[in-house]
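Read off the chains here:
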There are 4 protein chains.
Amino acid sequence: MSHNSFGHLFRITTWGESHGPALGVVVDGCPPGVPLEAAEIQADLDRRKPGGSRFVTQRRESDTVEILSGVFPDRAGRQVTTGTPISLFIRNEDQRSKDYGDIKEKFRPGHADFTYIAKYGIRDYRGGGRSSARETAARVAAGAVARKVLSHLLGNVTIRGALVQMGPHRVDRARWDWRAVSGNPFFCPDPVVAAAWEDYLDAIRKAGSSIGAVVEVVAEGIPAGLGAPIYGKLDSEIAAAMMTINAVKGVEIGAGMASAELTGEENADEIRIGNDGRPLFLSNNAGGILGGISSGQPIVCRFAVKPTSSILTPRRTIDAAGNETEVSTKGRHDPCVGIRAVPVGEAMMAIVLADQLLRHRGQVGNCGSAAPAETESGAKS
Amino acid sequence: MSHNSFGHLFRITTWGESHGPALGVVVDGCPPGVPLEAAEIQADLDRRKPGGSRFVTQRRESDTVEILSGVFPDRAGRQVTTGTPISLFIRNEDQRSKDYGDIKEKFRPGHADFTYIAKYGIRDYRGGGRSSARETAARVAAGAVARKVLSHLLGNVTIRGALVQMGPHRVDRARWDWRAVSGNPFFCPDPVVAAAWEDYLDAIRKAGSSIGAVVEVVAEGIPAGLGAPIYGKLDSEIAAAMMTINAVKGVEIGAGMASAELTGEENADEIRIGNDGRPLFLSNNAGGILGGISSGQPIVCRFAVKPTSSILTPRRTIDAAGNETEVSTKGRHDPCVGIRAVPVGEAMMAIVLADQLLRHRGQVGNCGSAAPAETESGAKS
Amino acid sequence: MSHNSFGHLFRITTWGESHGPALGVVVDGCPPGVPLEAAEIQADLDRRKPGGSRFVTQRRESDTVEILSGVFPDRAGRQVTTGTPISLFIRNEDQRSKDYGDIKEKFRPGHADFTYIAKYGIRDYRGGGRSSARETAARVAAGAVARKVLSHLLGNVTIRGALVQMGPHRVDRARWDWRAVSGNPFFCPDPVVAAAWEDYLDAIRKAGSSIGAVVEVVAEGIPAGLGAPIYGKLDSEIAAAMMTINAVKGVEIGAGMASAELTGEENADEIRIGNDGRPLFLSNNAGGILGGISSGQPIVCRFAVKPTSSILTPRRTIDAAGNETEVSTKGRHDPCVGIRAVPVGEAMMAIVLADQLLRHRGQVGNCGSAAPAETESGAKS
Amino acid sequence: MSHNSFGHLFRITTWGESHGPALGVVVDGCPPGVPLEAAEIQADLDRRKPGGSRFVTQRRESDTVEILSGVFPDRAGRQVTTGTPISLFIRNEDQRSKDYGDIKEKFRPGHADFTYIAKYGIRDYRGGGRSSARETAARVAAGAVARKVLSHLLGNVTIRGALVQMGPHRVDRARWDWRAVSGNPFFCPDPVVAAAWEDYLDAIRKAGSSIGAVVEVVAEGIPAGLGAPIYGKLDSEIAAAMMTINAVKGVEIGAGMASAELTGEENADEIRIGNDGRPLFLSNNAGGILGGISSGQPIVCRFAVKPTSSILTPRRTIDAAGNETEVSTKGRHDPCVGIRAVPVGEAMMAIVLADQLLRHRGQVGNCGSAAPAETESGAKS
């Protein structure tokens, strides 16, 4: 019911504004005995943090995370979770003392300025306040804990994200290479298109404009059985999770919106027995989820991120007093916020899966291991 | 946390299987004093019920609803809600006593057969059991109550759905006419394309095949301020709600997946002051939601429904004993389940909005009335 | 968040009014594969149902329960739970068509009449409507399912209740005999005092008066580890559960209110190693719960039930129009509602424990078996 | 569902261990526009903090609170809540680097040592870790916010606690004086008995022993209508809240456990019309709650706090290896933890009421003002 919490048995609660002293997250319900070091969380945060390339905001934040509770050395001296809430704390460092006068009184189109005032009658306008994408640092930190839980309980679980479309330019899935993702500033799995995106996004950036994107997140190693019928469906919770990420306007599972154009024959993911004697799906239109429950195939989700609303070009708007005016947003902004949404999407996927895993274990007991499925069906779906 | 409940302050809990004696829903948290007659709920149910045309399943169910609790005559003699749980009850009538032998042991591709067994080790295979679309009757009944709540508290709220795509065939938005929706068996707002769909779907139906579709749901009359930051976002809850509907694989808000191809300039919904002195948005790429909070514009959502998985063409699969086999599904099935998903989508939208309205009132107090926005932006977005 | 639901992973939602057509409960989150027959539920209901002796209300209700969903025959032909919601349905049979004119407009002291109107502005005054103790039939039905879950997962779990005080008359714990409980109309474990209570309560009944009571519920066979720190404490949830029962005004765990008079030395439940090599507590002031977590000892709870508010003696009150008046309540009432609260207390204990067991299994994994503790410490504490 | 959260619309999530770097609470769902300064929270914290007299632990903690998020200056320059989560942060200062060897391996009777290990397999033994009463500082901080919400929305609300019993020594209610509470180190409303308690507790303290106590909390100015039928009952949530406080073993509402000895005639709180034309209850056995809903009378709750389990006298126990041993607890402990539970009980009452108020407003709309009731019925009940 809390508007700043997500999950049920594995539950995160985030807090903090863009220009407040700090932000953080409380992770509750984590199983005990899971090895957890701040450095592991930091590795995920470093993938999201600003300033990594000229294609993301130049705000300088080290995003250094501290673990303030919920861990203790076990008898072997390893720091592990204790089952009590894990408080993760990140100090804001670069709250530039600029003049917010323009934003303070004007509603930037595409931003939450107008709606926060409509709802609350007051807003922290500095850097977007609570609606800033800085909140996603807390999610990534919590997601790192969720990944540890999944690995601890299920063994080899891989959750990877990639940018698969920027503006009208899509990756060629025939060239999909997960190793390429860390080799370019876009988390792009297609090295050829990544090179082209550099020029494309440079032009947008220099024009003070921005562009949308599509992110794909694939989870492998998830056993069949996670999720639940009706309102606890795994795909419903993934959709909810991704749609909470700033600027996301669409979510797809498996074949997604394109399912509308498929016939029943095309859509059916046929099943055989694989060489190892286990079920083998011949395709993955379902994105690894049937009836809201994981099938053992890779879980495949995509989401569209709208272009950054902070642009240099003046846009018509009104101010708080009800006068017509124009606004253009200067400052340090991402020309394509979709890029930094990649690790955020991975984190939300991990959080949903960790929560569903614990809930499944609660109702049903231990989960089997994942059924094998065709190689990289996620990438090819 | 309950897997068969949805919502928080306005909360529904559904129960029942396709071939059990009955199904139903408990609606909790409804405000008191809302006029409510079974006939009003029945009207919505009749739009969803099977057997209405040759394009939907021929199962014969009257879907007659009974109100078993939560209403009482007020001093004026009108039946109104009392604030206590409203139990809505629908008896199953046409559980055809056919031989389920084939389905009983085989996992139908695209259905939840495999995953229910993977999760629970047991399933009610008769008609899909709990995973049957019959469960959506309960949602439509609950949605009818939600509509009454919205009208009672906000006045003129309109929530309408339409089928906007069947297979590759889309409506022409220039011909959009809400009045046409009730004039064809597809809930199609474009009378020209609706006529063409008849032949198209007849061919699919006669071939024992099926086809996907896209549904659009538009809510008008919703004031600015509903929703909440971060994990209680209105769009996140709408996405979750629609993704819980059987066979849905993608959800979009406003410009949706196409946001990826927009620039910041194109995406910005500029704001002026309208003739009535209130904010007027010049476009609605946001689908009526900014930062997770309603803006007063029409709320616009679309979702893709995959083709019915029950088809006559044999598909390769395995059986419960792990043998490779084939399955083809005879019986009375919808050639395009997207059609009957239209009233279900409306119901889920109403439930999300009623819940968010009560939660907003709880935290902030009464909600203002809707800001005007451009005419039928929803339909045109 | 739902006001008519209780529990988290194992969650019940009740509905229905005293004089409506029926009442019921939806049990969600039940593990699959638990054998469940209506007759087992009926056995518990029969212990609570009215009309069993002259010391309880003479309303004639068979309280016949139907299972409408959530069960299916397993491969061995036994009816078992499927993991989907279990809808339990009880028809009201004896809604006597008496004149409610007196109660309709007057607020009976001690009843919820005044507060329901203060809250909702409307109430179903027939038999107390939603605030009637008839709602507890639904709890007892759900509690029967919870018992089955506990036995299925933990083996030999015993949850027993007894009336330990009626008015000023307490049982002698030296005479405690669980077998005596079913041998008198009071669920009294002390056969000597039970005999005395017959005359005592006859006098009260004939005078049209009523009297309070104390119920004790003891759960044995619960392993150490159930519960959670801070706000998920097992004792907190037991207290909440018992305090939701009609007319309950106080709840105690272990030594309860008398803890205030103990020194640290007296209160400490010392620990030794028993003959079987397992921890053995030498007393049970804790009532089986330390730091909110079960210790493996019997879990001991007591709660006070106020006297029935429906009495023949006129009491001063006001009516809905604000006039001073008097009211006396005729009709078929329990002279000591504490009696029928015994099976209700057992049911709530079972529901709390089943929910905590599933939540424990979700976060931590399987629970060990109960640590032995001194014989019948619960009864003697 | 989170075990470290409490409340629904007004929801707190606490984190931190006794000897970790800090502890804190996230308050979510607070209405916007509520004036809130750290100094106001600090005033409540100062009433709970250790070291205030020789009768409480001598641990030196300033318990200085920082507000890290959720507030912003309004147009008048006042710091007010914004509706986003309020993160309150308290640094631990006096984590004495003593040798924990004894406690580390031995289970202290009455403490959560045994059960934490039974549940989680690991525990932070330093100062009790998560089970330490230091966690209650976070509750008191959150409670201060809840008080501000109540005052903001309801006007004059007073929530006061008092110690009414220490060991066998009770206050004389004829001498009840709320002003006396701040005039002695016990929060005692009876100045005569307070003087006697000094000698009594000195003797216990010097003997290295400890003693139990009873706390009473009274809320005045609460309108009729808060709470909900069945599982959202106000008294159920108060009982749950108080039972989550460390060492609490019993909770009473109004006449409490003594209800068992009342007849229906005695128990009925008769109603008249007061001089101001509003309902006037002639007694308050109900403790201000009927059918789970507030009646407008003072809400009266009492809870028993067991004696501090940390005592100097050796007690028999076992160690983690399963050996029989003895343990005595040195260090800085409260001889009567009930004393410092007084402000904690007030805080929990405020949190329950704030949450119920927002939930009521959500379902029903604005709440009226409190019905008057007899003078200080709470104190005299």
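Looking at this structure, how should I read the side chain of Asp269 of chain C?
Secondary-structure assignment places Asp269 of chain C in the loop between α7 (264–267) and β12 (271–273). The buried charged residue Asp269 of chain C lacks any salt bridge partner; its closest oppositely charged side chain belongs to Lys306 of chain D, at an N-O distance of 6.9 Å. From its side chain, Asp269 of chain C meets the backbone nitrogen of Asn284 of chain C in a polar contact 3.3 Å long. Within the structure, Asp269 of chain C has its side chain in polar contact with the backbone nitrogen of Asn285 of chain C (distance 2.8 Å). The contact partners of Asp269 of chain C, leaving out residues within four places of it in the chain, are Phe281, Ser283, Asn284, Asn285, Ala286 and Gln297 of chain C together with Pro109 of chain D.

Explain the relation of the copies chain B and chain A here, please?
One copy of the chain maps onto the second through a rotation around an axis plus a translation along that axis. The two copies are related by a screw operation: chain B maps onto chain A through 180 degrees of rotation and 0.0 Å of translation along the axis, at an RMSD of 0.0 Å. Both copies of the chain, as the preceding transformation shows, are related through a two-fold rotation axis. Measuring from the rotation axis to each C-alpha of chain B, the shortest distance belongs to Ala240 of chain B, at 2.4 Å. Mapped onto chain A, 100% of the interface residues of chain B are again interface residues, and the two copies thus contact each other with one and the same surface.

In this structure, what is going on with the interface of chain B and chain A? I would like to understand it.
On the side of chain A, 106 residues touch chain B, which itself brings 106 residues to the contact. Carbon and sulfur atoms make up 60% of the area that chain B and chain A hide from each other, which totals about 8700 Å². Broken down residue by residue, the surface that chain B buries against chain A is led by Lys119, Tyr231 and Lys249 of chain B, which jointly contribute 11%. Applying the counting rule to chain B against chain A returns eight salt bridges. The residue inventory of the side of chain B that touches chain A, partitioned by class, reads 49 nonpolar, 38 polar and 19 charged. Pairing of strand β11 (residues 248–253) of chain A with strand β11 (residues 248–253) of chain B involves three bridges; the strand directions are antiparallel. Across the sheet, the residue bridging to Gly250 of chain A is Glu252 of chain B, located in β11 of chain B.

Before we go on, may I ask you to explain the pairing of strand β3 (residues 22–28) of chain B in this structure?
For a regular strand, the rule is simple: side chains alternate between the two faces of the sheet. Residues and elements named next belong to chain B. Among the seven residues of β3, seven are classified as buried, and the element is accordingly described as predominantly covered. In this structure, strand β2 (residues 11–16) lies alongside β3, joined through six bridges in antiparallel fashion. Across the sheet, Thr13 pairs through a bridge with Val26, a residue of β3. Adjacent in sequence and paired antiparallel, β2 and β3 are bridged by five residues.

Whenever I open this one, the sheet that holds strand β7 (residues 86–91) of chain A confuses me. Can you help?
Sheet strands line up and pair through hydrogen bonds in the backbone, either parallel or antiparallel. Residue and element names in this part refer to chain A. Spatially, five strands are ordered β1-β2-β3-β7-β4 in an open sheet, and the strand pairing comes out antiparallel. This sheet does not close on itself; its edge strands, each paired only once, are β1 (5–6) and β4 (65–67). Across the sheet, helix α1 (residues 38–48) lies against β4 and β7, angled at about 150 degrees from β4, the strand it touches most.

I would appreciate a short explanation of the sheet that holds strand β3 (residues 22–28) of chain C in the present structure.
Residue and element names in this part refer to chain C. What the five strands build is an open sheet, ordered β1-β2-β3-β7-β4; its pairing is antiparallel. Looking along the sheet, the strands with just one partner apiece sit at the ends: β1 (5–6) and β4 (65–67). Bridge analysis of β3 against strand β7 (residues 86–91) gives six bridges, and the strand direction is antiparallel. Bridged to Gly24 within β7 is Phe89. Helix-sheet contacts for helix α1 (residues 38–48) involve β4 and β7, and the interaxial angle to β4 is about 150 degrees. In the packing of helix α4 (residues 135–154) onto the sheet, contacts are made with β2 (11–16), β3 and β7, and the angle to β3 comes to roughly 30 degrees.

About the thresholds
- Residues numbered from 1 in each chain as written.
- Chains lettered and ligands numbered in written order.
- Predicted model: local features only at pLDDT ≥ 70, side-chain atom pairs only at ≥ 80, totals over all residues.
- Heavy atoms only, no water.
- Helix = DSSP H or I, 4+ residues; strand = E, 2+ residues; numbered from the N terminus.
- Buried < 20%, exposed > 50% of the residue type's maximum accessible area, 1.4 Å probe, protein only.
- Lys, Arg positive; Asp, Glu negative; His and termini not counted.
- Salt bridge = Lys/Arg side-chain N within 4 Å of Asp/Glu carboxyl O.
- Polar contact = N/O pair within 3.5 Å; in protein donor to acceptor, adjacent residues only side chain to side chain.
- Contact = heavy atoms within 4.5 Å.
- Least-squares fit on C-alpha atoms with pLDDT ≥ 70 in both.
- Buried area = accessible area lost by both parts, 1.4 Å probe.
- Nonpolar A, V, L, I, M, F, W, Y, C, P; charged D, E, K, R; others polar.
- Pairing = 2+ DSSP bridges.
- Axes fitted to C-alpha atoms, helices over the stretch in contact; angles between N-to-C directions.

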